[in-house]
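# Structural characterization, general
For reference, the chains in residue letters:
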Amino acid sequence: MKLVRLFAWIVVLLIGVLMAYRFIGMGPNTASGPGGPFTLTAHTGEKVSDTDFRGRYMLIYFGYSYCPDVCPLELHKMSTALDILEDEGYDITPLQPIFITVDPERDTVPELADYVQDFHPSLVALTGTPQEIATVAKTFRVYYKKRVQEGVSGYLMDHQSYILVMDKDGKYNRLFTGKDTPQDMADTFKPVLEKVTSDDK
């Protein structure tokens, strides 16, 4: 009986590992990893596609501006990482922070234009129709769902919280979770960035 139970736990563990493998692609530049083409509307009102960011690393976070806690924390973490790199003299031009809303009903272009002012000036916020957002979230394997609480006005959005990194060719590279600090993020990108010389300033 103990052997049967042990075998069952091993099967459950293997299934969990397989699901993780399928989600993150288990390493950089994996064809089965999350990501793909998208076209959305930026907080400037312009149409933006993934190809506009070729040659740069995309740091993509899915969230929403009405998020009370985790979204601003993660976006501030991303902004702080960029500030650290700039303060240490690195050229951060190859890094493009991107915020994609999962709440297009409320996150209009004007709303996002106001929201991005709280973060790094290079941050681009993207919105679209509910169908466009659903499609890009599926492409990047990001779960989200509206949560309405009885007796409470408005609603919250349940969603996964991590920062996806796509390489210069738009392929999945890695992700940062809540355990990663701004310094962790900054240190990750130092090997692929160049220091700004006095002639460049």
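Every chain's residues receive numbers from 1 upward, in the order its sequence appears when written. In keeping with the model being predicted, local features are shown solely for residues with a pLDDT of at least 70 and side-chain atom pairs are shown and tallied solely at 80 or more, while totals for entire chains, interfaces and linings include all residues. Side-chain metrics rest on all non-hydrogen atoms present in the structure, leaving aside hydrogens and water.

As recorded in an unreviewed UniProt entry, the protein chain goes by the name SCO family protein, listed as coming from Kordiimonas pumila. In the Sequence similarities (unreviewed entry) part of its UniProt record, the protein chain is described as follows: "Belongs to the SCO1/2 family." UniProt positions are given in the numbering used here, feature names are shortened, and annotations may be inferred rather than shown by experiment.

### Here's the deal with the pairing of strand E8 (residues 163–166)
When a residue's accessible area, from a 1.4 Å probe over protein chains only, is under 20% of the maximum for its type it is buried; when over 50% it is exposed; and in between it is partly exposed. We count a stretch as a helix when DSSP gives it H or I for four or more residues in a row; a strand needs E for two or more, and each element gets its number in order from the N terminus. Across the two faces of E8 the burial is the same, with Ile163 and Val165 and Leu164 and Met166 all buried. Of the strand pairs in this sheet, strand E3 (residues 57–63) and E8 are connected by 4 bridges, and their pairing is antiparallel. What sits directly across from leucine 59, in E8, is valine 165. Pairs of strands are assigned from DSSP output, requiring at least two bridges between the strands. Note: E8 against strand E9 (residues 172–176), 4 bridges, orientation antiparallel. Its bridge partner being in E9, leucine 164 is matched across the sheet by leucine 175. Taking the residues that link successive antiparallel strands as the turn, the E8-E9 hairpin has 5 residues, and the phi of glycine 170 there is positive, at about 80°.

### Looking at the packing of helix H2 (residues 70–87) against helix H5 (residues 182–189)
Every axis corresponds to a line fitted to the C-alpha atoms, with the helix fit spanning only the stretch in contact, and the corresponding angles, defined between N-to-C directions, vary from 0 to 180 degrees. Put simply, H2 and H5 touch, their axes get as near as 8 Å, and they point 50° apart. Relative to H5, the element H2 lies oblique. H2 and H5 meet at a crossing whose hand is right-handed. Within the contact between the two elements, H2 uses Lys77, Met78, Thr80, Ala81, Ile84 and Leu85 and H5 uses Pro182, Gln183, Met185, Ala186 and Phe189. Gly falls in the polar group here, along with every residue not listed as nonpolar (Ala, Val, Leu, Ile, Met, Phe, Trp, Tyr, Cys, Pro) or charged (Asp, Glu, Lys, Arg). Considered class by class, the residues forming the contact of H2 with H5 number 8 nonpolar, 2 polar and 1 charged. Any angle from 65 to 115 degrees is called roughly perpendicular, while one under 35 is roughly parallel, one over 145 is roughly antiparallel, and all others are oblique. In a left-handed crossing the near helix is turned counterclockwise from the far helix by less than a right angle, and in a right-handed crossing that turn is clockwise. Any two residues whose heavy atoms approach within 4.5 Å at even a single point are treated as in contact.

### Here we look at the sheet that holds E8
Taken in spatial order, the 7 strands make up an open sheet running E2-E1-E5-E4-E3-E8-E9, and their pairing is mixed. At either margin of the open sheet sits one strand with a lone partner, and together these are strand E2 (47–49) and E9. Averaged over all pairs of adjacent strands, the angle between strand axes in this sheet comes to 35°, irrespective of strand direction. Along the sheet face, H2 touches E3, strand E4 (95–101) and E8 and points at about 160° away from the line of E3. Along the sheet, H5 makes contact with E3, E4, E8 and E9, crossing E9 at roughly 160°.

### Some words on the pattern of salt bridges
Each salt bridge in this description consists of a side-chain nitrogen of Lys or Arg and a carboxyl oxygen of Asp or Glu lying within 4 Å of one another. On inspection of all chains with the given rule, the structure shows 8 salt bridges. Here arginine 106 makes a salt bridge to aspartate 103, at a shortest N to O gap of 2.6 Å. Classification of aspartate 103 by relative accessible area gives buried; the value is 2%. Among the charged side chains, a network of salt bridges with common partners joins Glu88, Asp187 and Lys190.

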